[in-house]
Amino acid sequence: MRYSNLSEITSDVLRVVREARAGSLGPFSPSFNIQNVLLEGLQKYLPEDVHKIVSGRLHVSLTRVYDGKNVIVSEFATRDDLMQALLASCFVPVFSGLLPPRFHGVRYMDGGFSDNLPVLDENTITVSPFCGESDICPRDLSSQLFHVNVANTSIELSKQNINRFARILFPPKPEALSNMCKQGFDDALRFLHRNNLISCTRCLAVQSTLQLQDVLDDTFDYDPDCEECKMHRQDALVADLPDTVMTVFQNAIDSANSGIVNWVLRQRAMQYLNLLTLPYRVPIDIMYATFTKQKALLGVWAYRLRIHARRIAQSVVKVAEGIVTDSGMANQSRMESKIKNETRIRVECSIRTINENGTGVENRTESEAKA
C-alpha cells in the first residue's frame, strides 16, 4: 500500500477498530461490513500498477470453498485481480458475510482455514499471533507441554492463547491494541537477536553475500565479535516502537478516555443500561444498515441507468446519422436519375430534329431534280 509512513498505517487500523466497536453488536453489527472497509482501503492506497510490482513476489493463501483445498496465488493480471484475491483471502464466513467472493470465477475464503502458515521454502519465516512453535510468536512465561496443530499452525494450550482467540473478531480498546503492537515488535526483535540477524551495516552486507567490492576492502572478513554489532544488539534489547506509532496510539487512548461523555460511558451503570437496551438498539441498527445499503444500491442503479441512457443516446445518434445519410443518398440518386432522364429526352429530341431536317432536305433535292 502507498502509505506515507507507519503512523498512517496505525491511524488507519485504529479507524477500522473504532468503526467495528461502534455498532450495537460490535463487528457483527449489520451496519458494519469489513469487506467494504477493506475494499475502500485497497482502492484508496494501492497504485494502478501494483499488480506488476507484486506479481511473483506476493503469495496469497486462499481456501477453495467447494473442496476446502489450499491455493496459493502469486500472479495477478490486473489491479482488480489482486484486490479480489486479497478480499477472498480475508473472508471469514458470517463475520465477513454469507457468500464468499469469487476469484477467477471460483469462490474462495480465508486461507487460514486450510493452511494458516504456508511454507514456500527453507527460508520462509513463519509469524503467528498465538504462542507456539512459529518463528515469530508470543513467548508466554507459563510454558505448557500441550500443543495443538490447527491448519498447519502450532498453538499452545494456555490461558493467554484463549484470551487471544477471544480477540480475533472482537477488537479490544486502544490500550490493549497498543500492548499487542508492542509485543509483536518485541517478538520480532527477539527472533532477530536469536538468529544473529541484528548486525551493523558492514557485517550485514557480508552475511547476505552482497557484492560490495566498491565499498569493502578485499581483506575484510566477517567478524562474529564485531563491537559495532554487539552495540546494535544491546540497543535492540531496549528498543521500543517508533515515536510516530506511539504518538498515534497515545492520541487514540487519550481520545477514548477524555471528555465527560466517555467518562459516563465507562460507568458500570451505563454499561448495564447498554446491555438492557441491546434488544431495542439492534432493530434500529438493522434499519439503518438496510437504509444505507438501499441508498448505495440506488446510487449503483442510477450510475448504471446513466450508462445505459448514454449508450441509447449514442445508438440513436448513430441511427439518425444513418437515416440522414441514406436520405441524402436517396435524394442524390433521384437527382442523378432525373438528370439522366432529362439528358436522354434532350438527346432523343435532338436526334428527332436532325432526322426531320435530313428528310426535308432530301425531299427538296428530289423536287428540284424532277423540275
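Refer to the structure printed above.
What counts and how
- Residues numbered from 1 in each chain as written.
- Predicted model: local features only at pLDDT ≥ 70, side-chain atom pairs only at ≥ 80, totals over all residues.
- Heavy atoms only, no water.
- Helix = DSSP H or I, 4+ residues; strand = E, 2+ residues; numbered from the N terminus.
- Buried < 20%, exposed > 50% of the residue type's maximum accessible area, 1.4 Å probe, protein only.
- Contact = heavy atoms within 4.5 Å.
- Areas by Shrake-Rupley, 256 points an atom, 1.4 Å probe, with all protein chains shown as cover.
- Axes fitted to C-alpha atoms, helices over the stretch in contact; angles between N-to-C directions.
- Parallel < 35°, antiparallel > 145°, perpendicular 65-115°, else oblique.
- Left-handed = near helix turned anticlockwise from the far one by under 90°.
- Expected span 1.5 Å × (residues − 1).
- Pairing = 2+ DSSP bridges.
- Phe/Tyr/Trp six-rings, centres within 6.5 Å; stacked < 30°, edge-to-face > 60°.
- Core = buried A, V, L, I, M, F, W, Y, C linked by side-chain atoms within 4.5 Å.
- Patch = residues over 30% accessible without salt bridge, like charges linked within 9 Å, V, L, I, M, F, W, Y side chains within 5 Å.
- Salt bridge = Lys/Arg side-chain N within 4 Å of Asp/Glu carboxyl O.
- Arc of directions from axis to C-beta.
- Polar contact = N/O pair within 3.5 Å; in protein donor to acceptor, adjacent residues only side chain to side chain.

Engineer: Hey, could you run me through the overall build of the protein in this one?
Structural biologist: In terms of helices and strands, the protein carries twelve helices and six strands. Counting all 371 residues of the protein, 26% fall into the buried class. Of the contacts made within the protein by residues no fewer than 6 positions apart, 56% connect residues no fewer than 24 positions apart. In the form shown here, the protein has an accessible surface area of approximately 25700 Å², with 59% of it arising from carbon and sulfur atoms.

Engineer: Sorry if this is basic, but what is going on with the packing of helix α1 (residues 6–22) against helix α2 (residues 34–45) here?
Structural biologist: Helix-helix packing is characterised by the crossing angle of the two axes and by the distance between the axes. Interhelical geometry of α1 versus α2 gives an angle of 155° and a closest axis separation of 11 Å. With respect to α2, the element α1 is oriented roughly antiparallel. When the axes of α1 and α2 are compared, the crossing they make is right-handed. Along its contact with α1, which presents E8, D12, V16 and E19, the element α2 presents I34, V37 and Y45.

Engineer: Before we go on, may I ask you to explain helix α6 (residues 174–194) in this structure?
Structural biologist: Helical geometry: 3.6 residues make up each α-helical turn, so side chains three or four residues apart lie on a common side. The end-to-end C-alpha distance of α6, which contains 21 residues, comes to 30 Å, matching closely the 30 Å that a straight helix rising 1.5 Å per residue would cover. Turning to α6, its buried residues number three or more, namely P174, A176, L177, S178, D187, L189 and F191.

Engineer: It is not clear to me how the sheet that holds strand β1 (residues 60–64) should be interpreted in this structure. Could you clarify?
Structural biologist: Paired through their backbone hydrogen bonds, the strands of a sheet run either parallel or antiparallel. Read from one edge to the other, the open sheet built from four strands follows the order β2-β1-β4-β3, with strand pairing classed as antiparallel. Strands with a single pairing partner mark the edges of an open sheet, and in this sheet they are β2 (70–73) and β3 (102–103). Looking at chain direction, β1 and β2 are connected through four bridges and run antiparallel. Directly across from V60, in β2, lies its bridge partner V73. Most of the contacts of helix α4 (residues 79–89) go to β1, to which it runs at about 65°, and overall it touches β1, β3 and β4 (106–110).

Engineer: What should I look at first to understand the packing of aromatic side chains in this one?
Structural biologist: Aromatic rings considered in pairs are described by the distance between their centres and by the relative angle of their planes. For the structure on display, the rule yields four aromatic pairs. Ring centres 5.4 Å apart and planes at 40° place the aromatic pair F28 and F170 in the tilted group. Linking F28 in the loop between α1 and α2 with F170 in the loop between α5 (159–166) and α6, this pair joins segments that are 142 residues apart in sequence. Accessibility expressed as a relative area gives 31% for F28, which makes it partly exposed. Ring plane angle 65° and centroid distance 6.2 Å describe the contact between F103 and Y108, whose orientation is recorded as edge-to-face. On the basis of relative accessibility, which here comes to 4%, the residue F103 falls in the buried class. A relative accessible area of 8% places Y108 in the buried class.

Engineer: Even after reading the chapter, I still don't get the nonpolar core, so can you show me in this structure?
Structural biologist: A general trend in soluble globular proteins is that nonpolar side chains are found buried together. The biggest cluster of nonpolar side chains holds 17 residues, and the ones touching the most others in it are L62, F76 and L82. Contributing elements (two or more residues each) for this core: α3 (50–54), β1, β2 and α4. The element that contributes the greatest number of residues to this core is α4, accounting for six residues. Residues L14, L177, V248 and F249 belong to the second largest nonpolar core, which totals seven residues.

Engineer: Would you mind going over the pairing of β4 with me for this structure?
Structural biologist: Working note: regular strand, side chains alternate between the two faces of the sheet. Bridge analysis of β1 against β4 gives three bridges, and the strand direction is antiparallel. Residue pairing across strands places L62 opposite D110, the latter belonging to β4. Pairing between β3 and β4: two bridges, direction antiparallel. Along β4, the bridge assignment pairs R102 with R107. Connecting β3 to the next strand, β4, in antiparallel fashion are two residues, including H104 with a positive phi near 60°.

Engineer: What exactly am I supposed to notice about a nonpolar patch on the surface here?
Structural biologist: On the surface, a nonpolar cluster with roughly 520 Å² of combined accessible area is contributed by L25, F28, V94, L98 and F170. Position of V94 among the secondary structure elements: in the loop between α4 and β3.

Engineer: How should helix α9 (residues 243–257) be read in this particular structure?
Structural biologist: Compared with the 21 Å implied by 1.5 Å per residue over 15 residues, the 21 Å span of α9 between its first and last C-alpha is a close match. Looking at α9, one finds that the buried residues are V245, V248, F249, A252 and I253. Along α9, the residues classed as buried sweep out an arc of 130° about the axis, all on the same side. Residues of α9 that are buried make contact with α1 and α6. Trailing α9 by a residue or two, G259 shows a phi angle of about 95°, which is positive.

Engineer: Just checking my understanding: could you explain the side chain of H51 for this structure?
Structural biologist: The residue H51 is located in helix α3 in this model. Using a relative accessible area of 11% as the deciding quantity, one classes H51 as buried. Separated by 3.5 Å, the side chain of H51 and the backbone oxygen of E48 make a polar contact. Once residues lying within four places of it in the same chain are set aside, the contact partners of H51 are F76, A77, T78, R79 and L82.

Engineer: I would appreciate a short explanation of the environment of Q250 in the present structure.
Structural biologist: Its place among the elements puts Q250 in helix α9. For Q250, a relative accessible area of 39% translates into the label partly exposed.

Functional significance is not addressed by these values, which are geometric in nature.
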